[in-house]
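# Working through the structure, step by step
Here is how the chains run, residue by residue.
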Protein chains: 2
Amino acid sequence: MKAMPDAPDKKNRPPAVVLLSGGLDSATVLAIARDRGFACHALTFDYGQRHRLELDAARRIADKLGAAGHRIIRLDLTADAGLGRSALTDSIEVPRDRRDDGQIPVTYVPARNTIFLSLALARAEVLGAWDIFLGVNAIDYSGYPDCRPEFIEQFQRLANLATAAADGPGRFAVHAPLVHMTKAEIIRTGLALGVDYSLTHSCYAPAEDGAACGHCDACRLRLAGFRDADATDPAPYQPPAS
Amino acid sequence: MKAMPDAPDKKNRPPAVVLLSGGLDSATVLAIARDRGFACHALTFDYGQRHRLELDAARRIADKLGAAGHRIIRLDLTADAGLGRSALTDSIEVPRDRRDDGQIPVTYVPARNTIFLSLALARAEVLGAWDIFLGVNAIDYSGYPDCRPEFIEQFQRLANLATAAADGPGRFAVHAPLVHMTKAEIIRTGLALGVDYSLTHSCYAPAEDGAACGHCDACRLRLAGFRDADATDPAPYQPPAS
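Values in this document were obtained by computation on a predicted structure and should not be read as measured data.

### Points about the overall build of chain A
On a plain count of helices and strands, chain A comes out with six helices and six strands. Within chain A, the fraction of its 242 residues that count as buried is 52%. Taking the intrachain contacts of chain A between residues at least 6 apart in sequence as the baseline, contacts between residues at least 24 apart amount to 71%.

Below you can see the structure in the form of structure tokens.
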């Protein structure tokens, strides 16, 4: 599925592949990669997530932040395909106001970042890009194992053994610029780079009209981040139940 | 896409995920994993390969070799999806009687084994399996970078950082039992385990009726393997042009 055609870069910037979910973190990463001088080729996955709003958000963000290209890859990671079992893809209730208990939450999608990075690697090889960006974070995050810095370093090592490209003189770099930032630092960085966070979608359990629930892990981390950054979240939220 | 339902194993064997392409190598690996006492869950990719015969071959092999389950995952790795550019998926001519020149051939699919292993890892996590088998080979092979033993070792390391499962006491093992075998050794092993090689499909450029060309890399390695194993390839070949 092609969302935007690839175009040769007029400014001669090096190409990079940027994983773009449509959320706050990946939008910020796209702005950072662009600011570092890359022609950004955004890559989004239509993996069976229950909330399709993410895909619309990704399209808007890629367009608004001047991505050089944007592809949406279809890949069924649901229980039905035998590959998943997550509150993000299947009929499992998203927890509200969950306390961090050191457990991996039900929103975990098995091996998701490994799968997404492996497809980003293929995309990079096809584009002749050496740089892959993703918005994982190990501070204000849900405790997913595939968001840790050791995981990212190990994937980079793998990338440089896995490809025809890396048999030449080049080396792949996997950039996770948010990995050690707090959510507030991410938001301040994005605001300074002109990210319009009203375009982003984070909520795991939105209303029909797209309004965020304010109570899932993603909403709580996002709201706390805006509060700590002394900024106002421009995304629409559902009114509290009376 | 579900090809065969998952069933709880009646013999209480541990589950394993086996990548099954429908070719000679992966059929042999399935027989080896089964012989080692695993309940084998075969995983096949419908990735846009030009020759759909592979998928039919995979179905027949999974059935004949008593796989505990078989899933076919759809994932578009073609140039059209922005992820590929290979003679196996796109309109690029498959070389005939190619000499090994140390170059990676046009049949290379970018990052293919990284992508397939990452999906096998998700499948393993869903099944509660710790063992993943694949049929890569670094002796009689086409020179693909993602068939080397170092690549497999690095992927195993990644698997043990990437998943919720590996945060517990278990460890994933990625088995490549053919990696140091010659094609003749692979064939002898498979024949001893009762593999019916007439069910397998290797050719990159078959005729309409499925008959193998006898001249692509895959056919040449296969034919030489049967010759060296003092066995006859039961697969149908096209008659030589007169």
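### Digging into the relation of the copies chain A and chain B
Once chain A is rotated about the relating axis by 180 degrees and shifted along it by 0.0 Å, it coincides with chain B to within an RMSD of 0.0 Å. Viewed as a symmetry operation, the transformation between the two copies matches a two-fold axis.

### What to know about the pairing of strand β4 (residues 69-74) of chain A
Residues and elements named next belong to chain A. The buried fraction of β4 is high, at five of six residues. Pairing of strand β3 (residues 39-46) with β4, which is carried by six bridges, proceeds in the parallel orientation. In the sheet register, Leu43 faces β4, and the bridge partner there is Arg71. Handedness of the crossover is the feature at issue here: the chain leaves β3, passes through helix α2 (residues 53-64), returns alongside β4, and the resulting connection is right-handed.

### As for the interface of chain A and chain B
Across the contact, 40 residues belong to chain A and 39 residues belong to chain B. Counting only elements with at least two residues in the side of chain A that touches chain B, the list comes to β4, α3 (112-127) and α4 (149-162) of chain A. With ten residues, the single largest contributor to the side of chain A that touches chain B is α3(A).

### Overview of helix α1 (residues 24-35) of chain B
Given 3.6 residues per turn, any residue in an α-helix points the same way as the ones three and four places further on. All names here are of chain B. Here α1 spans 17 Å end to end across twelve residues, near enough to the 16 Å set by a 1.5 Å rise per residue. Taking burial as the measure, the twelve residues of α1 include eleven buried ones, the bulk of the element. All of the buried residues along α1 are Leu24, Asp25, Ser26, Ala27, Thr28, Val29, Leu30, Ala31, Ile32, Ala33 and Arg34. Buried residues belonging to α1 abut β2 (15-19), β3 (39-46), α2 (53-64), β5 (131-133), α5 (183-192) and α6 (217-228). Following α1 by one or two positions, Gly37 has its phi on the positive side, about 95 degrees.

### A word on helix α3 (residues 112-127) of chain B
Residue and element names in this part refer to chain B. With 16 residues, α3 ought to run about 22 Å at 1.5 Å a step, and its terminal C-alpha atoms sit 22 Å apart, in line with that. Among the 16 residues in α3, 15 count as buried, and that is most of the element. With its phi angle positive at about 75 degrees, Gly128 sits one or two positions after the end of α3.

### Considerations on the packing of α1(B) against α5(B)
Residues and elements named next belong to chain B. Taken N-terminus to C-terminus, the directions of α1 and α5 make an angle of 45 degrees; their axes are 9 Å apart at the nearest point. Of the possible angle classes, the one that applies to α1 and α5 is oblique. Note that α1 runs across α5; the crossing there is left-handed. Mapping the contact onto sequence places Asp25, Ala27, Thr28, Ala31 and Ile32 in α1 and Ile186, Thr189 and Gly190 in α5. Counted by class, the contact of α1 with α5 contains four nonpolar, three polar and one charged residues.

### Observations concerning the packing of α3(A) against α3(B)
Contact geometry of α3(A) with α3(B) gives a least axis separation of 9 Å together with a crossing angle of 170 degrees. As far as their axial angle goes, α3(B) and α3(A) are roughly antiparallel. Between α3(A), through Thr114(A), Ile115(A), Ser118(A), Leu119(A), Leu121(A) and Ala122(A), and α3(B), the contact on the second element is made entirely by Thr114(B), Ile115(B), Ser118(B), Leu119(B), Leu121(B) and Ala122(B).

### Observations regarding the environment of His70(A)
With respect to the helices and strands, the residue His70(A) is situated in strand β4. In this structure His70(A) comes out as buried when scored by C-beta crowding, with 24 C-beta atoms within 10 Å.

### Concerning the nonpolar core
One finds Val18(A), Leu30(A), Ile132(A), Val18(B), Leu30(B) and Ile132(B) to be the most contacted residues of the largest nonpolar core, which totals 150 residues. Among residues more than four places away in sequence, those in contact with Leu30(A) are Val18(A), Leu20(A), Cys40(A), Ala42(A), Ile61(A), Leu65(A) and Ala67(A).

### Observations regarding unusual backbone geometry
All names here are of chain A. A positive phi angle is found at Asp230, which is not glycine, with a value near 55 degrees. Mapped onto the secondary structure, Asp230 falls in the segment after α6 (217-228). Overall, Asp230 belongs to the exposed group, with 9 C-beta atoms counted inside 10 Å.

### Let's talk about the environment of Ala241(A)
All names here are of chain A. With respect to the element layout, Ala241 can be found in the segment after α6. Residue classification places Ala241 among the exposed residues on the basis of 4 C-beta atoms within 10 Å. C-alpha of Ala241 to C-alpha of Ile115: the two residues are 126 residues apart in sequence and 38 Å apart in space.

### Considerations on the confidence of the model for chain A
Residue and element names in this part refer to chain A. Put simply, chain A has an average pLDDT of 88, and 88% of its residues get 70 or more. Between residues 1-5, whose pLDDT stays under 50, and residues either more than four places distant or in other chains, the model counts 13 contacts. Scoring of the predicted complex yields 0.90 for pTM and 0.88 for ipTM.

Rules used in this analysis
Starting afresh in each chain, residues are numbered from 1 along the sequence in its written order. All chains are assigned letters beginning at A, and all ligands numbers beginning at 1, according to the order in which they are written. The predicted nature of this model means local features are confined to residues of pLDDT at least 70 and side-chain atom pairs, given and counted, to a pLDDT of 80 or more, with totals for whole chains, interfaces and linings taken over all residues. Note on conventions: DSSP H or I runs of at least 4 residues are helices, E runs of at least 2 residues are strands, and numbering of each starts at the N terminus. Partly exposed residues are those falling between the two cut-offs: more than 12 but fewer than 20 other C-beta atoms within 10 Å of their own, whereas 20 or more means buried and 12 or fewer means exposed, with C-beta atoms placed from the backbone. What counts as a contact is two residues whose backbone-derived C-beta atoms lie within 7 Å of each other. The copies were overlaid by least squares, fitting only the C-alpha atoms of residues that reach a pLDDT of 70 or more in each copy. We call two strands paired when DSSP finds no fewer than two bridges between them. For crossovers, right-handed means that the path from the first strand over the helix to the second runs clockwise, given strands pointing away from the viewer. Between the first and last residue of a helix there are one fewer steps than residues, each counted as 1.5 Å, and that sum is the expected span. Note on method: axes are straight lines fitted to C-alpha atoms, helices fitted across the in-contact stretch only, with angles between N-to-C directions ranging 0 to 180 degrees. Roughly parallel here means an angle under 35 degrees, roughly antiparallel means over 145, roughly perpendicular means 65 to 115, and every remaining angle is called oblique. Here a crossing is taken to be left-handed if its near helix is turned anticlockwise relative to the far helix by less than a right angle, and right-handed if that turn runs clockwise. Three residue categories are used. Nonpolar comprises Ala, Val, Leu, Ile, Met, Phe, Trp, Tyr, Cys and Pro, charged comprises Asp, Glu, Lys and Arg, and polar comprises the others, including Gly. For our purposes the nonpolar core covers buried Ala, Val, Leu, Ile, Met, Phe, Trp, Tyr and Cys residues that link as a set through C-beta atoms within 7 Å. Each residue carries a pLDDT score, the predictor's own confidence in it, on a scale running from 0 to 100.

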